[in-house]
Amino acid sequence: MSSDGEHSFDVLVVGGGLAGMSAACKLAESGLRVHIVEQATTLGGAVLRRAQTGQNPNLNGVHESSWRDLMARFDRVRKLMSVSVCSTYTGTDSTGAIVVTNTSTSTSVSLRPKAIIVATGALEKVRPRMGWHLPGVMTAGALQVLLKTSLRAPKKRVLLAGSGPLLLAVAAQLTRLGNPPLAVIEEARPSRKFWHALKLPVGYLLEAANYIKVLKVAGVPIYEGRFIARIEHCTSGLRVSFTGDDKLCFDTDFLALHDGIAKNCYGMRPVGMPIWHEAGDCALGLGARASRAHGEAVAIEVIKQLQVFPVESVEMKVRTKELLDVLSRERAAQSTLAKIYSVDEQSALDELPHEVIICRCEKKSLSDLFDLGADPTNREIRLNGRFAMGACQGRFCAHWINMLRKKAGTAEGDRLIGSHWPIKPISMQALIHEADHLLSAEKKSSD
Amino acid sequence: MSRFFWNDEPVGFTENDTVATALLHHGVSNFAVSKDGRPNSIFCGIGQCQSCLVRKENGESVEACLCSCIENERFYSSDSRGDAHEQ
């Protein structure tokens with residue numbers, strides 16, 4: 001059993017988004033005590049991010065009822081739950097203790113739960129483009145979180161580009177908050193593949209139709225089959241020029257980019273941790289609906305492993321089957337979406353000018369990568385090239401570097417990033433705090 | 001409206017703002033200076049890219065996208081070229 005101040009608990013859930021909350025509710029409903037750590041100031045995660053005051057401007061659309069349902073369940077089992085906000089999973093030390101850091105107080109605690117469920121959410125994929133490192137360029141997901149948290153749209157010009165249905169969602173949310181974007185510029189040609197869309201669950205189609213309607217009414221232009229040629233500074237902000245004969249070009253204050261979502265497996269699976277699971281988008285990258293189901297399925301697995309009940313109930317078996325069905329339906333839906341929004345990323349990468357920044361943290365360019373030789377090893381790329389060595393630990397460059405290397409026929413595997421903790425930078429003070437605490441506890445017990 | 005200080009200049013915020021949203025609404029989009037001297041700003045918005053790190057008065061770096069605003073708190077743009085927060 002773990003103790004965290006006055007709380008003691010059985011299972012640690014990292015991440016208070018859809019998957020984490022869904023898992024936590026299921027665990028507590030079986031009588032397990034659960035501790036949730038959430039890096040933001042409120043529960044909800046990227047999909048259901050709330051304003052700190054709890055207000056919700058109805059930006060979450062179809063996912064809102066999912067949230068209400070989870071919160072109602074959460075309230076019913078509240079006495080078995082403890083929540084730490086502004087807290088991150090830092091890593092697992094050599095003794096198997098989980099180190100959790102509170103970033104607002106710069107303090108760490110080490111915990112020894114019976115099981116841990118990591119539900120840290122997806123990574124947003126953004127392909128490098130000429131000028132993507134300039135201030136004013138952010139991910140579409142970042143813009144969406146800004147809108148959901150602050151409940152106000154920046155009173156500035158916004159352009160959305162890249163690929164995927166999130167661009168339409170964010171454009172519609174901006175419009176609803178009174179600042180329609182200049183345009184949505186999609187690389188794929190989804191309207192030419194509408195027959196694929198007929199295979200999507202009806203909820204997906206209604207959601208998309210709703211977004212498109214909002215954009216049409218507001219007169220927001222939607223382009224297809226256009227790629228960003230370059231992003232540069234201009235007197236009034238950013239100038240974004242696109243491929244095509246008509247020299248399509250926009251001057252904007254903000255540019256939101258999106259190229260889909262990916263799994264986010266930058267945590268680490270510690271040796272010797274008895275029960276460790278990854279749940280939701282960090283493991284699957286299949287979106288909100290799948291994350292909620294997966295959170296619950298993983299919780300059932302933990303309940304079985306901890307032998308909360310002497311035998312697996314029929315009810316539990318039936319529920320697991322239902323959840324697996326949801327997951328396979330969502331997997332099919334996401335693969336249909338991938339067909340509708342298919343983009344030849346390899347060609348887009350190969351056409352990048354050599355001065356484009358690949359590593360955003362250390363501002364290393366494509367030519368810096370090529371300077372390392374024809375087929376550099378992982379160590380050479382990291383230690384000589386300084387790629388995947390910055391504060392983001394390769395989350396935003398490693399995938400693209402591996403794609404660029406594949407072209408060169410690399411002999412190295414694609415393990416450019418390892419598993420090191422802390423999984424993100426924390427202050428020394430936060431670590432020292434816990435080390436002091438542990439040392440004094442050790443001293444006390446030996447006295 | 002409440003306020004905090006950005007490089008000693010007052011910035012208004014609402015109770016729903018993070019440091020990042022307050023700065024963007026205030027018209028500040030350069031949050032830091034990166035290793036090569038180019039400015040950094042908010043990018044991923046969910047604490048993964050570390051691009052929006054700003055410096056608190058006690059020298060610690062925090063992600064502006066995750067950090068709540070506190071009345072009269074002082075934040076500074078971090079300068080990773082010289083690790084200003086360690087000097």
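How each quantity is defined
Residues numbered from 1 in each chain as written. Chains lettered and ligands numbered in written order. Predicted model: local features only at pLDDT ≥ 70, side-chain atom pairs only at ≥ 80, totals over all residues. Pairing = 2+ DSSP bridges. Helix = DSSP H or I, 4+ residues; strand = E, 2+ residues; numbered from the N terminus. Axes fitted to C-alpha atoms, helices over the stretch in contact; angles between N-to-C directions. Contact = placed C-beta atoms within 7 Å. Nonpolar A, V, L, I, M, F, W, Y, C, P; charged D, E, K, R; others polar. Core = buried A, V, L, I, M, F, W, Y, C linked by C-beta atoms within 7 Å. Buried ≥ 20, exposed ≤ 12 C-beta atoms within 10 Å, placed from the backbone. Left-handed = near helix turned anticlockwise from the far one by under 90°. Expected span 1.5 Å × (residues − 1). Arc of directions from axis to C-beta. Parallel < 35°, antiparallel > 145°, perpendicular 65-115°, else oblique.

Q: Could you clarify how one ought to interpret the sheet that holds strand E15 (residues 228–234) of chain A in this entry?
A: Sheet strands pair by backbone hydrogen bonding; their relative direction is either parallel or antiparallel. Residue and element names in this part refer to chain A. Ordered by their spatial adjacency, three strands build an open sheet running E15-E16-E17, and the pairing between neighbours is antiparallel. Looking at strand neighbours, the two that pair on one side only are E15 and strand E17 (249–252), the edges of this open sheet. Ignoring strand direction, the axes of neighbouring strands in this sheet form an average angle of 20°. Here E15 pairs with strand E16 (residues 237–242) via six bridges, running antiparallel. The residue bridging glutamate 232 from the neighbouring strand is arginine 239, located in E16.

Q: So what exactly am I meant to see when it comes to the interface of chain A and chain B here?
A: Buried accessible area, meaning the area lost when the parts come together, often serves as the stated size of an interface. Taken together, the contact between chain A and chain B spans 35 residues of the former and 29 residues of the latter. Within the residue set of the side of chain A that touches chain B, elements represented by two or more residues are strand E10 (123–124), strand E11 (137–139) and helix H3 (140–150) of chain A. Here the side of chain A that touches chain B gets six residues from one element, more than from any other, and that element is H3(A). Along the lines of polarity and charge, the residues of the side of chain A that touches chain B split into 16 nonpolar, 13 polar and six charged.

Q: How should I be thinking about the nonpolar core in this particular structure?
A: Formed by 136 residues in total, the largest nonpolar core has its most connected members in A:Ile117 and A:Leu160. Ranked by size, the runner-up nonpolar core spans five residues in total, among them A:Leu337, A:Ile340, A:Tyr341 and A:Val343.

Q: For this particular structure, what's the right way to read the pairing of strand E8 (residues 107–111) of chain A?
A: Within a regular beta strand, the side chains point alternately toward one face of the sheet and then the other, so they alternate between its two faces. All names here are of chain A. Examined bridge by bridge, strand E7 (residues 98–102) and E8 share five bridges and lie antiparallel to one another. Within E8, the position partnered with asparagine 102 by the bridge is threonine 107. As consecutive antiparallel partners, E7 and E8 are separated by four residues, and within that stretch serine 106 has a phi angle of approximately 55°, a positive value.

Q: Just to check I follow, could you spell out the packing of helix H1 (residues 18–29) of chain A against helix H2 (residues 64–76) of chain A for this structure?
A: When two helices pack together, you describe them by how their axes are tilted relative to each other and by the distance separating the axes. All names here are of chain A. Between H1 and H2, the shortest axis-to-axis distance is 9 Å and the interhelical angle comes to 35°. Helix-helix and strand crossings are classified by hand; for H1 and H2 the assignment is left-handed. Of the residues in H2, those touching H1 at Leu18, Met21, Ser22 and Cys25 are Ser66, Leu70, Arg73 and Phe74. Counted by class, the contact of H1 with H2 contains five nonpolar, two polar and one charged residues.

Q: Sorry, what's going on with the environment of A:Thr320 here?
A: Residue and element names in this part refer to chain A. Here threonine 320 is to be found in helix H8 (residues 314–340). Considered as a pair, threonine 320 and leucine 372 are 52 residues apart in the sequence and their alpha carbons are 50 Å apart. Sequence-distant contacts of threonine 320, defined by excluding residues within four places in its chain, comprise Ala297 and Ile300.

Q: Would you mind showing me how to read H2(A) here?
A: Working note: α-helix, 3.6 residues per turn, so residues spaced by three or four point in the same direction. All names here are of chain A. With 13 residues, H2 ought to run about 18 Å at 1.5 Å a step, and its terminal C-alpha atoms sit 19 Å apart, in line with that. Those residues of H2 that fall on the buried side of the exposure criterion are Trp67, Leu70 and Phe74. Looking straight down H2, one finds its buried side chains confined to an arc of 65°; they lie on one side. Projecting away from the buried face of H2 at angles above 90 degrees are the exposed residues Ser65, Arg68, Ala72, Asp75 and Arg76.

Q: Would you mind going over the packing of helix H7 (residues 288–305) of chain A against H8(A) with me for this structure?
A: Residues and elements named next belong to chain A. It is at 9 Å that the axes of H7 and H8 come closest, and there the two elements cross at 150°. Comparing the axis directions of H7 and H8 gives the class roughly antiparallel. Of the two possible hands of crossing, H7 and H8 adopt the one that is left-handed. On the side of H7, the interface is formed by Arg289, Ala290, Ala293, His294, Glu296, Ala297 and Ile300, while H8 contributes Met316, Arg319, Thr320, Leu323, Leu324, Val326, Leu327 and Glu330. Here the residues of the contact of H7 with H8 sort into nine nonpolar, two polar and four charged.

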